[in-house]
Amino acid sequence: MHQIKLYLFLFLGSLVSLQAQQPKKLNASEIYEAIQKLNVLGSVLYVAAHPDDENTRLISYMSNQVKARTAYLSLTRGDGGQNLIGPEIRELLGVIRTQELLAARRIDGGEQRFTRANDFGYSKHPDETLNIWNKDDVLADVVWAIRTFKPDVIINRFDHRTPGRTHGHHTSSAMLSMEAFDLANDSSKYASQLQYTDTWQPKRIFFNTSWWFYGSQENFENADKSNMLNFDIGVYYPSKGMSNNEVAALASSQHLCQGFGRLSQRGTEQEYIEFLKGEPLDESNSVFAGIDTSWNRIEGGAAIGKILNAVEQNFNFKNPTSHLPQLLEAYRLLQNIKDEHWKTIKIKELKTIIEACAGLYLEVSANTAQTAPNSTVSLNIEVLNRSSADIKLLSYKFSTIETDNSKQIQLLENQKFTFNEGITIPKNTHYTTPYWLNKKSTLGMYHVDNPAWIGKPETPRAVTVDFNLNIAGTPITITKPVVYRYSKPDKGELYRPFEIIPEVSASISDKVFIFDNDHQKDIEVTVKAGRDAVEGYVQLAYPNDWNVYPEKQKIEIVNKGDIQKVVFTVYPPKGQSEGFITPIININGEFYTDELIEIDYSHIPYQTVLMPSMSKIVRLDIEKRGNNIGYIEGAGDVVPESLRQIGYNVTLIKPEQISAENLMNFDAIVVGIRAYNVLDDLKFKQKFLLDYVKEGGNMIVQYNTSRGIKTDNIAPYDLRLSRDRVTDEAAEVTILQPNHPLLNFPNKITFQDFEGWVQERGLYFPDEWSGEFTPLLAMNDKGETSKEGSLLVAKYGEGNYIYTGLSFFREFPAGVSGAYRLFANLLSAGKEKNKTLKN
């Protein structure tokens, strides 16, 4: 659907992105590294609030240098952030950022965990955060993460002792981690979890400190570090050909939607963690001080450790297959281990190593990327033993069928076996969609029915295949998910997840429809078939004071994947009103109301998301002046589409198209969010934009961040951007200039126009400006000083320059009436003497 536009990216980073879609195949160096990790029985849990909060340098160091099992617990999925690579926000952005975290972990060697907390946007204090999140539920999820992952050591990214100093989510993550450290071993706390896991007590907890928390490098250098451990996280890995900080930079660069693509670093670099509580440290400078992380840790482990340590010390890089007898012996001994936690983890790791050493290739590829329950799909099964090992395929079993398919085939060296099977997907198979989106969320929490799924990064695959093998006399079962493997002439071999979708889905052409008078509008509904031969009808649910014609329409689609478009005429009421319309599809008495959303970026696997299909309809009294708007796109928003909804003719302008001749054709120029952060060419085009204003044009600049501005003169007069923001979407708004034309023409702006806003009032307001600017509004969060930089206007020559940090990019998709009325006034600036056009 969308493709990432990268101005600069390292070849290695691009290679990682391409391979991220493919099943992992270990080479000899990677097998050796896996064996090293197999011989370490220690775990580290890193805790923070959002995707991209994690310190990939430390995660990579613990995973690749210490060889510990390392996971990142991100309390949220980053739903409340901005998106630099596309239009997805809120839940869909959370899906992207989840996958970017998984891409990062594939590089730095960590695992990924979450809670049910919903990233509701910037929060200035943990009291607000924990109230919106429902503290007890999120704390329960952190306890669950500790009890299931069972870390020896927890490392917090943020300081629990400084509430109000940073993002409220940040401090809350540390506070909850500290509290969960004490609760996880208490069987009276969250006792229902103990149906699925056991209590656990981590040995110690740390804070990943740095000079930033001390205010300056000098302060940190002079600080007492007697309670800290430090590591050189610039260590070099010969087997990877990279330093740890290079690996970390590649991992961090997966957060592309947040603009984290960066150059790699090399060389010595110190990382510090401060001891908070738990078992005292010793002189070893090790997070695992006093903890046995060898196989001796578990009963019966010594014999296994003796075997596997010998394999590690004498590893044959030219012929890893030679180690199969020892690996299989260790595998057999593992079956008798009583410690179920380490037994499960190490069996999984050892199976992966055995599979790689044997050169086994096991793949199940469907003939389609998607199918619906009750549909039949053809599977191509490929089995190949690329070693001299004695391997027999006994059978394979589909997760959707109770019986095995017996084969009893000796897998001779490098002789490929292929099998074709047709299976029917059971009617009750769960859809492939992010499980946390199955139910409507609150502002602060997602709802998950299956407690065993809480914290999982993604929905478990619905269709898998167990390959039952006998390797040199040892029975082993290896499970593979069904995938979709295909090729494109310009890209080569590609992989997509195999997904289960509804037999039919529906989408509406726009998420918001603005009716600026009582005239009807034709609204298009697109119905997509998830199987062949779909027949039924579709109708719209709508508010009582609206009307729709016709009542329902016939749906008849022959082939899966095809669509049928139908048009309903929607009639608004005479007065102001708003509500929602939802398509309802009836197929043989089964009702479907979801939209199938597909997210396609090259650095993450293809994503399919099911969301309730609904659009907001708003009958709005609004007037406007001017018609032709030029829009310079920034980091991705739907403002152009929203302006078209109220009758504007919007033309998208690329930086190279900015010229005096082209600009003169527009009644106003709007600069998209963060355009001055992401468009390098704007520094060369700013002169034309300001000249356009000087000659009588109207220019509206939406928010930019204070860091990374591409030009020195974002405005015609002095204007300093800051980090000022108002996060309370219901914060009181004071109208500073009630008689100013921008607040009166062509729409009279009142306090009612600031009702119903979502997520925030605005962000990155200027905090200093020259006298030529007039501030129009004031607002503030509770307990803070008034912020007057949300909407500034200055006369420049014959025209008007307007800078606004108000979050129109969030309010428009939510159909906030007042936001549309105010923006129409901004576009109408300077046109008071012309005839008003009412649409």
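Residues numbered from 1 in each chain as written. Predicted model: local features only at pLDDT ≥ 70, side-chain atom pairs only at ≥ 80, totals over all residues. Heavy atoms only, no water.

1. Let's talk about the pattern of salt bridges
In the structure shown here, the tally under the stated rule is 42 salt bridges. For the salt bridge of Asp52 with Arg97, the shortest nitrogen-to-oxygen distance reads 2.7 Å. On the criterion of sequence distance, the pair formed by Asp52 in the loop between strand E1 (43-48) and helix H3 (56-65) and Arg97 in helix H4 (residues 91-108) is long-range, its members being 45 residues apart. In this structure, Asp52 and Arg97 share a single accessibility class: buried. Here Glu340 and Lys343 are joined by a salt bridge, their closest N and O atoms 4.0 Å apart. Within this pair, Glu340 and its partner Lys343 are both found in helix H12 (residues 340-357), separated by three residues, close to a single helical turn. You can call Lys343 buried: its relative accessible area is 15%. Overlapping salt bridges, with partners in common, bring together Lys124, Asp781, Glu784 and Lys787 in one network. (Salt bridge = Lys/Arg side-chain N within 4 Å of Asp/Glu carboxyl O. Helix = DSSP H or I, 4+ residues; strand = E, 2+ residues; numbered from the N terminus. Buried < 20%, exposed > 50% of the residue type's maximum accessible area, 1.4 Å probe, protein only.)

2. Thoughts on empty space enclosed by the protein
Going through the model one piece at a time under the given rule, you end up with three cavities of 30 Å³ or more. Taken together, 14 residues line the largest cavity, and the ones lying closest to its centre are Pro434, Glu458, Thr459, Arg461 and Gln607. Going through the elements one at a time, H4 and strand E31 (607-612) are the ones with two or more residues in the lining of the largest cavity. Residue contributions to the lining of the largest cavity peak at three residues, all from H4. Tallied by class, residues from the lining of the largest cavity come to four nonpolar, seven polar and three charged. In this structure, the second largest cavity spans a volume of roughly 50 Å³. In terms of residue class, the lining of the second largest cavity is made up of six nonpolar, two polar and two charged. (1 Å grid on protein atoms, 1.4 Å probe; cavity = no way out; pocket = protein on both sides within 12 Å on 5 of 7 lines; lining within 4 Å. Points joined across faces, edges and corners; volume = space filled by probe spheres on them. Nonpolar A, V, L, I, M, F, W, Y, C, P; charged D, E, K, R; others polar.)

3. Re the environment of Gly797
Position of Gly797 among the secondary structure elements: in the loop between strand E42 (791-796) and strand E43 (799-804). You can call Gly797 partly exposed: its relative accessible area is 43%.

4. Describing the pairing of E43
Summarising burial for E43: six of the six residues are buried, a large majority. The side-chain alternation of E43 yields two buried faces, one formed by Gly799, Tyr801 and Tyr803 and the other by Asn800, Ile802 and Thr804. Pairing of E42 with E43 involves six bridges; the strand directions are antiparallel. From the neighbouring strand, Leu791 faces E43, where its bridge partner is Thr804. (Pairing = 2+ DSSP bridges.)

5. Brief notes about the sheet that holds strand E33 (residues 628-632)
Taken in spatial order, the seven strands line up as E34-E33-E35-E36-E43-E42-E40 in an open sheet, and their pairing is mixed. Each edge of the open sheet carries a strand with a single partner, namely strand E34 (649-652) and strand E40 (773-775). Within this sheet the neighbouring strands show an average axis-to-axis angle of 20°, counted without direction. Set on the sheet, helix H18 (residues 817-827) makes contact with E33, strand E35 (668-671), strand E36 (698-701), E42 and E43; between it and E36 the angle comes to about 140°. (Axes fitted to C-alpha atoms, helices over the stretch in contact; angles between N-to-C directions. Contact = heavy atoms within 4.5 Å.)

6. Topic: the pairing of strand E14 (residues 405-411)
With five bridges joining them, strand E13 (residues 391-398) and E14 adopt antiparallel strand pairing. Note on E14: the bridge partner recorded for Tyr396 is Asn405. Here E13 hands over to E14 after six residues, the two strands then running antiparallel side by side.

7. Re the sheet that holds strand E9 (residues 270-278)
With respect to topology, seven strands assemble into an open sheet ordered E3-E2-E1-E4-E5-E9-E6, the strand pairing being mixed. Each edge of the sheet is formed by a strand with only one pairing partner; in this case those strands are strand E3 (111-114) and strand E6 (228-232). Averaged over all pairs of adjacent strands, the angle between strand axes in this sheet comes to 30°, irrespective of strand direction. Across four bridges, strand E2 (residues 69-74) lies against E3 in parallel orientation. Directly across from Tyr72, in E3, lies its bridge partner Gln112. The sheet strands contacting helix H6 (residues 135-149) are E1, E2, E3 and strand E4 (153-156), and the helix crosses E2 at an angle near 170°.

8. Digging into the side chain of Glu54
Examined against the element boundaries, Glu54 turns out to sit in the loop between E1 and H3. Within the local environment of Glu54, its side chain forms a polar contact with the backbone nitrogen of Asp52, the two atoms lying 2.9 Å apart. A polar atom in the side chain of Glu54 sits 2.9 Å from the side chain of His255. Dropping the residues within four chain positions of it, Glu54 is found in contact with Tyr46, Ile59, Tyr72, Leu101, Ala104, Arg105, Arg157 and His255. (Polar contact = N/O pair within 3.5 Å; in protein donor to acceptor, adjacent residues only side chain to side chain.)

9. What about the packing of H3 against helix H9 (residues 244-252)?
The N-to-C vectors of H3 and H9 enclose an angle of 125°; their axes lie 8 Å apart at closest approach. Of the possible angle classes, the one that applies to H3 and H9 is oblique. H9 is crossed by H3, and the crossing has right-handed handedness. Where H3 approaches H9, its residues Thr56, Arg57, Ser60, Tyr61 and Asn64 are matched on the opposing element by Asn244, Val247, Ala248, Ala251 and Ser252. A per-class count over the contact of H3 with H9 returns four nonpolar, five polar and one charged. (Parallel < 35°, antiparallel > 145°, perpendicular 65-115°, else oblique. Left-handed = near helix turned anticlockwise from the far one by under 90°.)

10. Section: the nonpolar core
Formed by 77 residues in total, the largest nonpolar core has its most connected members in Ile632, Leu643, Leu689, Leu777, Tyr801, Phe823 and Leu827. When residues in this core are grouped by element, the largest group, seven residues, is from H18. If we ignore the near neighbours within four places in the chain, the residues touching Leu827 are Arg625, Ile629, Leu643, Tyr648, Ala668, Val670, Asn698 and Ile700. Within the second largest apolar cluster, 55 residues are counted, among which are Leu45, Ala71, Phe158 and Phe231. (Core = buried A, V, L, I, M, F, W, Y, C linked by side-chain atoms within 4.5 Å.)

11. Notes on unusual backbone geometry
In this chain, Tyr549 is followed by Pro550 through a cis amide linkage whose omega measures -5°. Within the secondary structure, Pro550 is located in the loop between strand E25 (547-549) and strand E26 (552-557). Note the cis peptide between Phe745 and Pro746, where omega equals -5°. Within the secondary structure layout, Pro746 lies in the loop between strand E38 (733-735) and strand E39 (762-769). Here Asp52, not a glycine, exhibits a phi torsion of approximately 80°, which is positive.

12. Considering the packing of aromatic side chains
Using the criterion set out here, one finds 29 aromatic pairs in the structure. Look at Phe207 and Phe213: their rings are 4.8 Å apart centre to centre, the planes differ by 80°, and that puts the pair in the edge-to-face class. Across the pair, exposure class does not vary: Phe207 and Phe213 are buried alike. Relative to Phe773, the ring of Tyr717 lies with its centre 6.1 Å away and its plane at 90°, an arrangement referred to as edge-to-face. Placement of Tyr717 in the loop between E36 and strand E37 (719-726) and of Phe773 in strand E40 is noted, with a sequence separation of 56 residues between them. (Phe/Tyr/Trp six-rings, centres within 6.5 Å; stacked < 30°, edge-to-face > 60°.)

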